[in-house]
Amino acid sequence: RLCLRRAECDLLPARWLSVRDSNCAPEDVKKSRLHHHLEELGVRADELEEAYIKSITTSEGYSNHFGKPAIKAYKSFFKQKAGEDIDVAANRFARQIDFLAKRHRSKEAEYVRHLDTAETRVSFPLVLVLDNLRSAANVGSIFRSADACGCSEVLTTGITPHPNGNGAEKLSKSSLGA
């Protein structure tokens, strides 16, 4: 029978550790397995834990490095019901936390943003003529594509929805400001 002190729980591989066979609290086993899988993915588990504790104990809010969704996922791992194998659940949650943290960092990164201004945009002498297109969604998509490609003008004729006429509301939704 395996009897351990709490400090030794984190040092053993999961296959050696069973909640029934040790003196470790179930929360310590879960934390150990989650931190192990986070470290395998390159996530600094200790910093994530500190960010979680800081989000609960202070009024500073959530960490800018991990973001609110990743910290909430970390918290929800410990609140899940028993039934699933701890190692499988820890691996799944670790991958989810890694994804959420990366997504948060990419949203925060300035170099990812599209920052074209009217002065820096290149316009090509290309004119698109849309004749009798019925779908405002398709026309909006064409407006977006034309804007991205730098077309100088888009002309609408016939029953084609246009920004100042019939279907302008649907067109503005589908063109997303282009």
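Residues numbered from 1 in each chain as written. Predicted model: local features only at pLDDT ≥ 70, side-chain atom pairs only at ≥ 80, totals over all residues. Heavy atoms only, no water.

Draft legend 1. Expanded view of the environment of Tyr 74. Locating Tyr 74 in the fold gives a position in helix H4 (residues 68-79). Judged by its relative accessible area of 1%, Tyr 74 is buried. The sequence separation of Tyr 74 and Leu 34 amounts to 40 residues, and the corresponding C-alpha distance is 8.8 Å. Those residues in contact with Tyr 74 that lie beyond four places of it in its chain are Leu 34, His 35, Leu 38, Leu 48, Glu 49, Tyr 52 and Ile 97. Side chain to side chain, Tyr 74 and His 35 meet in a polar contact 2.9 Å long. (Helix = DSSP H or I, 4+ residues; strand = E, 2+ residues; numbered from the N terminus. Buried < 20%, exposed > 50% of the residue type's maximum accessible area, 1.4 Å probe, protein only. Contact = heavy atoms within 4.5 Å. Polar contact = N/O pair within 3.5 Å; in protein donor to acceptor, adjacent residues only side chain to side chain.)

Draft legend 2. Structural view of the side chain of Arg 33. Relative to the helices and strands, Arg 33 resides in helix H2 (residues 26-40). One polar contact links Arg 33 to Asp 87, side chain to side chain, over a distance of 3.0 Å.

Draft legend 3. Quick peek at the state of the cysteines. Taken as a whole and assessed by the stated rule, the structure comprises zero disulfides. Considering cysteine sulfurs only, Cys 151 is the nearest to Cys 149, which forms no disulfide, with 5.7 Å between them. On the accessibility criterion, Cys 151 (18% relative accessible area) is buried. (Disulfide = S-S within 2.5 Å.)

Draft legend 4. Up close: a nonpolar patch on the surface. Side chains of Val 122, Phe 124 and Leu 126 sit close together on the surface and give an oily, nonpolar patch of about 290 Å² of accessible area. Its location among the elements puts Phe 124 in strand S1 (residues 124-131). Accessibility expressed as a relative area gives 45% for Phe 124, which makes it partly exposed. (Patch = residues over 30% accessible without salt bridge, like charges linked within 9 Å, V, L, I, M, F, W, Y side chains within 5 Å. Areas by Shrake-Rupley, 256 points an atom, 1.4 Å probe, with all protein chains shown as cover. Salt bridge = Lys/Arg side-chain N within 4 Å of Asp/Glu carboxyl O.)

Draft legend 5. Expanded view of a positive patch on the surface. Together, Lys 68, Lys 72, Lys 75 and Lys 79 make up a region of like positive charge exposed at the surface. Examined against the element boundaries, Lys 68 turns out to sit in helix H4. (Lys, Arg positive; Asp, Glu negative; His and termini not counted. Charge placed at Lys NZ, Arg CZ, Asp CG, Glu CD.)

Draft legend 6. Representation of the pattern of salt bridges. Counted according to the given criterion, the structure contains four salt bridges. Its salt-bridge partner being Glu 49, residue Lys 31 comes within 2.9 Å of it at the nearest N-O pair. Of this pair, Lys 31 sits in helix H2 while Glu 49 is found in helix H3 (residues 45-57), placing the two residues 18 residues apart along the sequence. Using a relative accessible area of 19% as the deciding quantity, one classes Glu 49 as buried.

Draft legend 7. Spotlight on the pairing of strand S2 (residues 151-157). Sheet analysis places S1 next to S2, joined by six bridges and oriented parallel. The residue bridging Val 127 from the neighbouring strand is Glu 153, located in S2. (Pairing = 2+ DSSP bridges.)

Draft legend 8. Representation of the environment of Gln 96. Here Gln 96 shows up in helix H5 (residues 86-108). Using a relative accessible area of 37% as the deciding quantity, one classes Gln 96 as partly exposed. Along the backbone, Gln 96 and Pro 69 are 27 residues apart, and their C-alpha atoms lie at a distance of 9.7 Å.

Draft legend 9. Representation of the nonpolar core in the model. Ranked by size, the top nonpolar core spans 20 residues in total, and within it Leu 34, Leu 38, Leu 48, Phe 66, Tyr 74 and Ile 97 carry the most contacts. Mapped onto this core, the elements with two or more residues apiece are H2, H3, H4 and H5. When residues in this core are grouped by element, the largest group, seven residues, is from H5. If we ignore the near neighbours within four places in the chain, the residues touching Leu 34 are Tyr 74, Phe 77, Phe 78, Ala 90, Phe 93, Ala 94 and Ile 97. (Core = buried A, V, L, I, M, F, W, Y, C linked by side-chain atoms within 4.5 Å.)

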